[in-house]
Each structure stands twice: as C-alpha cells, then as structure tokens.
Amino acid sequence: MAENIDFSTINQKNPQNYNRIIKEDSVIITRQNTERSSNFEMLRIIAMFMIVAAHYAGHGVRHVLFSSESKIWLTGSFINRIFTSFLIPGGKIGVGLFFALTGYFMIDKEYKVQRLLKIILEVYFYSILMIIIWGGVQMCGIYNFPYMNSNNKLGLLVTVFFPITSNSWWFVTSYMLLFLMIPVLNQIFLNVEGKFSFPFIVLFLFILYMTSVFDFKYQGIQRAVFFYLVGAWMKKNQITFCKWGSFFLFCFSWCVFIFCDMIITGNIGQGVTGKVFKIFFESIEILFAFIAVISLLSFFSVIKIKTNRFINTVASTTFGIYLFHDSNVGRQLIWDEILHTLDKQYMSSLFPLFAVVSVIMVFTCATMIDLIRQKYFEKRLLPILESKINKFFRKQI
C-alpha cells in the first residue's frame, strides 16, 4: 500500500484548480486540468461570426459565385452598399485567424493523426445532412435550387462519398491538407527559427499575394500554409503588441479593407488601367488582412479571460457552423429562400438591422444543430471508432 500522503501543499481554498490525487493501492494518479483557455476560444467565436457575416454579404447580397446575380446589389442605396463592404473583410480575416490559431497551438504540440478522425466524422455528418435537406426540400416543392444544374446536382451526390477531396468546402480541403503537412512545416519552421523567421514569413506573404491576385488554382492551401506559419511565428517568437495598440491596428486594417473593397467593386474602368487598379487594391487587401490577423491574435493573447464553459462550448461548434451554412445547399437555402437577403432585405432602408439579426440567427441556429450532433452522434460514435482503430494498430504492431 502507498504511504500516507501529505495534503498540506494543496490549496484548500480553491481545490478545483489543482490536481486531484487518487490513491489506488500503491499507485497515485494525478489528473491534469485540461480546460481550454477561453480567450482563444472567444477568438474562434468572433472569427466564425465574421465569416458568417462576410458570407451574408458575399453570397447573400452579392452572389459572388453566380455572375447573373452579381451586379444586382449595385442598384442598392449608398448606405446599404457601404454596409455590405463593411461585412466583407470578415471572410479573409476570419479564415486567416483559424489557420493562424492552428499554427499557434500546433507548433509545439504533439502531432496525432487520430485528430483527423473527429474532423472527418464531422464533415461526413454535414455532407449527409445537406443531401437529406436538399432531397426533402425538393420533394416537398419548397425550393428548387435554381443555381444548381444537372452537373451541380450530380456533384452534390458525389460529395456524400468524397466531401473532402471534392473541394465542396474549400476550407475543409485546405485544412485537411495542411494538417497532413504539419510535421514537415514544423520541421522547416524550426530550422529557420530566429533571425530568419521573419524573412521566411515575408516570402510566404509574397507567394500568397501572387496566388491570390492572379487567382491560382491552389491558393487555398497556400493561404492555409501562410497563416499557419504566421501563428507559429507569433507563438515561438512571443510576438505581441500592447492591448489597445493591437485593437487600434485591427480596426484600422478593417477600415482600409473596406475602402479597397469599395474601390474594387465600384466603377474603376475596364481595360489595362482597370485591371492594374484592381490588382493594386487587392494586394493592399491581402497585406491588411495579414495585419488584421496578427493584431487580433496579439490582442487575445494579451487579454485574460477565465475559463468559461459557455464560451468553450460555443467555440467547439464553430467548425460545424461553417459546414452547415456554407455548404452548396445551405448557401442557397439560407440566404435566398429563407432570408431573402438580396430581393427583400437589401432593398430595405433597414438593411443594416436585418443583416445583424440575420447573421445572429444563422450563427445561433447552426450552433444548436452542432450541439445536437455532438451529443447524439459524436459522443457515441467517436469512442467506438477510436477503439476499433487502436485495436487495428495494436494488431499491426
């Protein structure tokens, strides 16, 4: 049996913050508190809220993926056009934050391929859910998805079996490829750590600029790699700014982004001059998206938010929120059929109010859906699959 244990070193006023010591025969087991810091979880929530708002403006109002509808929003009032541009920066900045947070935490964390299992299960869940919703809506005659031709519908069926490699969600495809590359990226970054790390970041910023402005095919994965390295660079070199300096820099970057977006989407002319102006202002957008990401990441690394179960729970649903609202089905059904973003909300003088309420509603509903998924699917299915996979690998060894 174990000897008597001296508990005098344990703080009795707040014992929950200390390891719980359990005596089992001659073994003393300590369980570490693994609660996630709520300041970064709050940042995840804000980043996803910015993404939903940007999709409201980009897919709901501007219909950027459908050329036949992409110019209608220009007929709106000046105030509504400005507010639309106000929402747009959240897309690039929010996505950059998610990749940067991955680099911030994974640069010095043990790499486990098993983490991919949770992501894959979640992607397949929403892929199947979207097919069920699409089929149900079609059969009931509620909405016929006018932007889907026969090829799109066939592609939608294919995504059920290949939701990751089909690039149905570009973020998912890029994130999965990034996750597989993490061991190599970490090794490369650690080899250039120190005085060479900043030039290394600048090099990747230039690569991102080239691929984004000239619309290269694989710019998604290049964006993922760049912001992953940005997060790793900030973590390893402890890059932080003063709290309010970071906040001011973020706000300034957002305003510059809005200005550039208004210029690009306005009448800047055609021909060579128009293209040069567009490339110039798009390059400024890329630069200030980078500045906004590092400033906001710095801000949330400086502030202190005590562990909050509500914040951490909502943050755990952010990936599900993205998968639900930005799927091929959800994108059309939510913005066009349910909310009538362009034909009704945008043409109203109350558009800014409608926009804020709509984004909150979509975010809240998607959060509730993912909490249901976690409770009734993930918590039951994931342990079973993990057990089977572990047994398989033990047999191979």
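Counting starts from 1 at the beginning of each chain's written sequence and moves along it residue by residue. The predicted origin of the model limits local features to residues at a pLDDT of at least 70 and limits the giving and counting of side-chain atom pairs to 80 or more, whereas totals for whole chains, interfaces and linings rest on all residues. Processing note: side-chain calculations cover all non-hydrogen atoms of the structure and skip hydrogens and water entirely.

1. Quick notes on the pattern of salt bridges
One side-chain nitrogen of Lys or Arg within 4 Å of one carboxyl oxygen of Asp or Glu is enough to make a salt bridge. Scanning the model with the defined rule gives 9 salt bridges in all. One salt bridge connects Arg62 with Asp261, and the closest N-O pair in it is separated by 2.6 Å. Here Arg62 is found in the loop between helix H1 (38-61) and helix H2 (78-87), whereas its partner Asp261 is found in helix H9 (residues 243-265), with 199 residues between them in sequence. Judged by relative accessible area, Arg62 falls into the buried class, the value being 6%. The class of Asp261 is buried, set by a relative accessible area of 5%. In this structure, Arg373 and Asp370 form a salt bridge, with 2.7 Å as the shortest nitrogen-oxygen distance. Working definition: helices are DSSP H or I runs of at least four residues, strands are E runs of at least two. Numbering for both runs from the N terminus. Remark: exposure states derive from per-residue accessible area (1.4 Å probe, protein chains only) relative to the maximum for the residue type, with buried under 20%, exposed over 50%, and partly exposed in between.

2. Some words on the confidence of the model for the protein
Note on scores: pLDDT gives the predictor's confidence for each residue, bounded by 0 and 100. The share of residues in the protein with pLDDT of 70 or more is 80%, and the mean pLDDT across the chain is 81. Element-level mean pLDDT values for the protein span from 32 in strand E2 (residues 27-31) up to 96 in helix H12 (residues 318-325). Every residue pair with non-hydrogen atoms within 4.5 Å of one another is taken to be in contact. Low pLDDT, under 50, characterises residues 1-34; the predicted model gives this stretch 26 contacts beyond four residues in sequence or across chains.

3. Quick word on H9
For a helix, the expected span equals 1.5 Å multiplied by the number of residues minus one. For H9, which comprises 23 residues, the first-to-last C-alpha distance of 33 Å matches the rise-based estimate of 33 Å (1.5 Å per residue) to within 8%. What H9 keeps buried is the set Ser246, Phe250, Ser253, Trp254, Val256, Phe257, Ile258, Cys260, Asp261 and Ile264.

4. Regarding a nonpolar patch on the surface
Only residues whose relative accessible area exceeds 30% and that take part in no salt bridge are eligible for patches, with like-charged residues grouped when within 9 Å of each other and nonpolar side chains (Val, Leu, Ile, Met, Phe, Trp, Tyr) grouped when within 5 Å. Accessible surface area values rest on a Shrake-Rupley calculation with a 1.4 Å probe, where residue burial reflects the displayed protein chains alone. Together, Leu350, Leu353, Phe354, Val357 and Met361 make up an exposed nonpolar region whose accessible area comes to about 430 Å². Looking at where Leu350 falls in the secondary structure, it is placed in the loop between helix H14 (341-345) and helix H15 (351-396). Judged by its relative accessible area of 45%, Leu350 falls in the partly exposed class.

5. Quick look at the nonpolar core
Working definition of a nonpolar core: buried Ala, Val, Leu, Ile, Met, Phe, Trp, Tyr and Cys residues. They are joined through side-chain atoms within 4.5 Å. Ranked by internal contacts, the top residues of the largest apolar core, which has 105 residues, are Ile93 and Val172. Top element by residues in this core is helix H10 (residues 271-302). It accounts for 14 residues.

6. Notes on empty space enclosed by the protein
Here a cavity means grid points, on a 1 Å grid over the protein atoms only, where a 1.4 Å probe fits yet cannot get out; a pocket means an open set of points with protein on both sides within 12 Å along at least five of seven lines; lining residues are those with an atom within 4 Å of a point. Grid points are joined across faces, edges and corners, and a volume is the space filled by probe spheres set on the points. Per the stated rule, a full pass over the model turns up 2 cavities of 30 Å³ or more. Put simply, the second largest cavity is a space of about 40 Å³. His59, His63, Val64, Leu65, Phe66, Arg331, Gln332, Trp335 and Asp336 are the residues that line the second largest cavity. The leading source of residues in the lining of the second largest cavity is helix H13 (residues 328-338), at 4 residues. A per-class count over the lining of the second largest cavity returns 4 nonpolar, 3 polar and 2 charged. When residue character is reported, Ala, Val, Leu, Ile, Met, Phe, Trp, Tyr, Cys and Pro are called nonpolar, Asp, Glu, Lys and Arg charged, and the others, Gly included, polar.

7. Remarks on the packing of helix H4 (residues 115-139) against H12
At a minimum axis distance of 10 Å, the contact between H4 and H12 shows a crossing angle of 30°. For the element pair H4 / H12, the angle class is roughly parallel. Our pair here, H4 against H12, has a crossing hand that is right-handed. On H12, the residues touching Ile119, Glu122, Val123, Tyr126, Leu129, Met130 and Ile133 of H4 are Phe319, Gly320, Leu323 and Phe324. Each axis is a line fitted through C-alpha atoms, taken for helices only over the stretch in contact, and angles between the N-to-C directions span 0 to 180 degrees. The labels follow the angle: roughly parallel below 35 degrees, roughly antiparallel above 145, roughly perpendicular from 65 to 115, and oblique for the rest. Take the far helix as the reference: if the near one is turned anticlockwise from it by less than a right angle, the crossing is left-handed, and if turned clockwise, right-handed.

8. Description of the packing of aromatic side chains
To pair, rings of Phe, Tyr and Trp, with the six-membered ring standing in for Trp, must have centres within 6.5 Å; the planes then decide the type, stacked if under 30 degrees apart, edge-to-face if over 60, and tilted in the middle. Following the criterion strictly, the structure yields 29 aromatic pairs and no others. Centre to centre, the rings of Tyr56 and Phe351 are 6.0 Å apart; their planes meet at 25°, and the pair counts as stacked. A residue pair is termed long-range when its members are at least 10 positions apart, and Tyr56 in helix H1 and Phe351 in helix H15 qualify at 295 residues. A relative accessible area of 0% means that Tyr56 is categorised as buried. Residues Trp244 and Phe299 carry aromatic rings whose centres are separated by 6.1 Å and whose planes lie at 55° to one another, so their mutual orientation is tilted. Of this pair, Trp244 sits in helix H9 while Phe299 sits in helix H10, and the two are 55 residues apart along the sequence. Note on Trp244: relative accessible area 56%, which makes it exposed. Every member of this aromatic cluster is reached through a ring pair, and the members are Phe98, Phe99, Tyr111, Trp170, Phe171, Tyr175, Phe179, Phe319 and Tyr322.

9. Some details on the environment of Phe281
Considering the arrangement of structural elements, one finds Phe281 in helix H10. The buried category is assigned to Phe281, whose relative accessible area is 11%. Setting aside its immediate chain neighbours within four residues, Phe281 contacts Phe259, Cys260, Ile263 and Ile264.

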